[in-house]
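Summary of structural features
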Amino acid sequence: MKPVALIEHAVKGPVFGCRMCGQCVLHDTGMTCPMTCPKTLRNGPCGGVREDGGCEVVPEMECVWLKAERRSRTLPLLPSSWRAHFGTLRPPVDNRLQGDSSWVNFVRGKDRATPDGWLPGERA
Amino acid sequence: VSLRDLCETRRRPILTGEAPAFDTGGMDAFAAGIAELVGVVDAVNATDSPAAHAHASNVSVAIALRQLGVEPILQVVCRDKNRIALQADVVGAALHGVENVCCLTGDDVTAGDEPESRRVFDLDGPQLVAVVDGLAQGRYLSGRKLDPPPRLFVGAVENASAPPLDHRAERAAKKVAAGARFLQLQICFHPDRLETFVRELERLDVTSRAAVLPTIVLASGAKALTFMDRKVAGIDVPAATVARVTEASDDREAAYQLALEQARHALALPGVAGIHLTDFRHDGSVARLAADLGLDNDKETAPHAHRASLSI
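Quick look at the structure, then. (Residues numbered from 1 in each chain as written. Chains lettered and ligands numbered in written order. Predicted model: local features only at pLDDT ≥ 70, side-chain atom pairs only at ≥ 80, totals over all residues. Heavy atoms only, no water.)

**With respect to the overall build of chain B**
Across its full length, chain B carries twelve helices and nine strands. Taking 312 residues into account, the globule formula puts the C-alpha radius of gyration at 20 Å, and chain B, at 19 Å, falls close to it. Nonlocal contacts in chain B, meaning residues at least 24 apart in sequence, comprise 77% of its contacts between residues at least 6 apart. Here chain B displays about 12,500 Å² of accessible surface, and carbon together with sulfur accounts for 52% of that area. (Helix = DSSP H or I, 4+ residues; strand = E, 2+ residues; numbered from the N terminus. Rg over C-alpha atoms; globule rule 2.2 N^0.38 Å. Contact = heavy atoms within 4.5 Å. Areas by Shrake-Rupley, 256 points an atom, 1.4 Å probe, with all protein chains shown as cover.)

Given below as structure tokens:
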């Protein structure tokens, strides 16, 4: 891991359980890392959330997206634009960025680059 | 009449069904397995290794349905394949005339009999909707052109009954914004939750853009309801509902009556375009339910033997 990535992991690992996907969306998801969802879902909870809010895969763990949805509404000091982004359709993960620093990728714009065919909702 | 046509015109309530998970025995056995659905439902789901158990593949079943003159709905889940394979499956199925594609995140591998499998989830459900809609617009996710574009009709699912309840309609709306034109809902044993969900979809102007099809399960009795409640993540069966069926003198009949009541309730909700049926009874209940709902007329489906000879 490169130096910046090491620092990022040291900060975000213990606090958010950061998986170093290299394209951080914590600000959109109530500061809850979607990569800690066992299915690594980026766009909200799957249909398997249990009646008590437990994860389908790890029943004793609260659904990551349940937590994210709640925190995106209730977390203090979260800018309203971040709260509003909760429902945004996030693009597929770029698996090449795994292990990179998302801070560096943010500065370089690499975390926002999407495949040419990613034009959700657009009609020809 | 095609599913697309029914979803666009809403000329009558839509009825979709599901091919039982199929393994071996050849086309004759497959045809026997879906015989109860033929001529009763408008289209039939070809499931994608449901509950994470391997079965004859979604694409192969969708093609088999076409060969039998039945309109397939290709279910595609994100659990087992990456984005390359998923796109290849949809485009390959379209080669065989499979038009309807229902995009799901999918049960986890731990729900199945090979829980040690690698889970993929390279895409998630909403992303898959956008990718398949992109195929329909004539492009792979990479941007590479598809000329001519495959004829596809894209759908998705949503669970109206699983937490976070307040967010479910928004999530469904996200899939519709990404291109879904029909929504097959997860089985829901809480009529109040279904009502709230559909009302919210109406408010978000989703029901006019996508045909909402709540799933009604034809369960075989009290044991099946208890099983679903305990073993299927995302499905909660209220204790009173289980008790009502358990305490009936004929629990099999009580389970049918429960499904009939749920179907009537769902179809009466403004914004609901039809229902999806999951049948675990295999005793003619699908046709019985269609008749009891008054949905057994005006089906232009030809006898399957005749249509089969045309499509092969």
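**Regarding the packing of aromatic side chains**
Residue and element names in this part refer to chain B. This structure, assessed with the given rule, holds three aromatic pairs over all chains. Ring centres of Phe 22 and Phe 30 lie 5.3 Å apart, and the angle between their planes is 80°; on these two criteria the pair is classed as edge-to-face. Note that Arg 288 overlies the ring of Tyr 256, its terminal NZ or CZ placed 3.7 Å from the centroid. (Phe/Tyr/Trp six-rings, centres within 6.5 Å; stacked < 30°, edge-to-face > 60°. Lys NZ or Arg CZ within 6 Å of the ring centre and 35° of its normal.)

**Some points on a nonpolar patch on the surface**
Residues and elements named next belong to chain A. Taken together, Val 4, Ile 7, Val 11 and Trp 103 make up a surface patch of nonpolar side chains, about 350 Å² in accessible area. It is helix α1 (residues 3-16) that contributes the most residues to the nonpolar patch, three residues altogether. If you trace the backbone, Ile 7 turns up in helix α1. (Patch = residues over 30% accessible without salt bridge, like charges linked within 9 Å, V, L, I, M, F, W, Y side chains within 5 Å. Salt bridge = Lys/Arg side-chain N within 4 Å of Asp/Glu carboxyl O.)

**Things to note about the pattern of salt bridges**
Counted under the stated rule, the structure contains 25 salt bridges over all chains. A salt bridge links A:Asp94 to A:Arg96; its shortest N-O distance comes to 2.9 Å. Residue A:Arg96 is classed as exposed on the basis of its relative accessible area, which comes to 71%. Taken together, the shared-partner salt bridges connect B:Glu158, B:Arg168, B:Arg171 and B:Lys175 into one network. (Buried < 20%, exposed > 50% of the residue type's maximum accessible area, 1.4 Å probe, protein only.)

**Quick word on unusual backbone geometry**
The phi torsion of most residues other than glycine is negative, and most of the peptide bonds are trans. Here the amide bond leading from B:Asp147 into B:Pro148 is cis, since omega sits at 0°, within 30 degrees of zero. One can find B:Pro148 in the loop between α5 (125-136) and β5 (153-158). One non-glycine residue, A:Thr40, lies in positive phi territory at about 50°. Along the chain, the position of A:Thr40 falls in the loop between α1 and α2 (64-74). Classification of A:Thr40 as partly exposed rests on a relative accessible area of 28%.

**Concerning the packing of helix α2 (residues 26-34) of chain B against helix α3 (residues 58-67) of chain B**
Residue and element names in this part refer to chain B. Where α2 meets α3, the closest approach of the two axes is 11 Å, and the angle between their N-to-C directions is 80°. With respect to each other, α2 and α3 are oriented roughly perpendicular. Side by side, α2 and α3 meet where Met 27, Phe 30 and Ile 34 of the first sit next to Val 61, Ala 64, Leu 65 and Gln 67 of the second. Counted by class, the contact of α2 with α3 contains six nonpolar, one polar and no charged residues. (Axes fitted to C-alpha atoms, helices over the stretch in contact; angles between N-to-C directions. Parallel < 35°, antiparallel > 145°, perpendicular 65-115°, else oblique. Nonpolar A, V, L, I, M, F, W, Y, C, P; charged D, E, K, R; others polar.)

**Brief notes about the packing of helix α10 (residues 251-268) of chain B against helix α11 (residues 285-292) of chain B**
All names here are of chain B. Interhelical geometry of α10 versus α11 gives an angle of 45° and a closest axis separation of 11 Å. Here α11 runs oblique to α10, going by the angle between their axes. Remark: the crossing between α10 and α11 carries right-handed chirality. Between α10, through Glu 253, Tyr 256, Gln 257, Ala 259, Leu 260 and Arg 264, and α11, the contact on the second element is made entirely by Ser 285, Arg 288, Leu 289 and Asp 292. Class assignment for the residues of the contact of α10 with α11 results in four nonpolar, two polar and four charged. (Left-handed = near helix turned anticlockwise from the far one by under 90°.)

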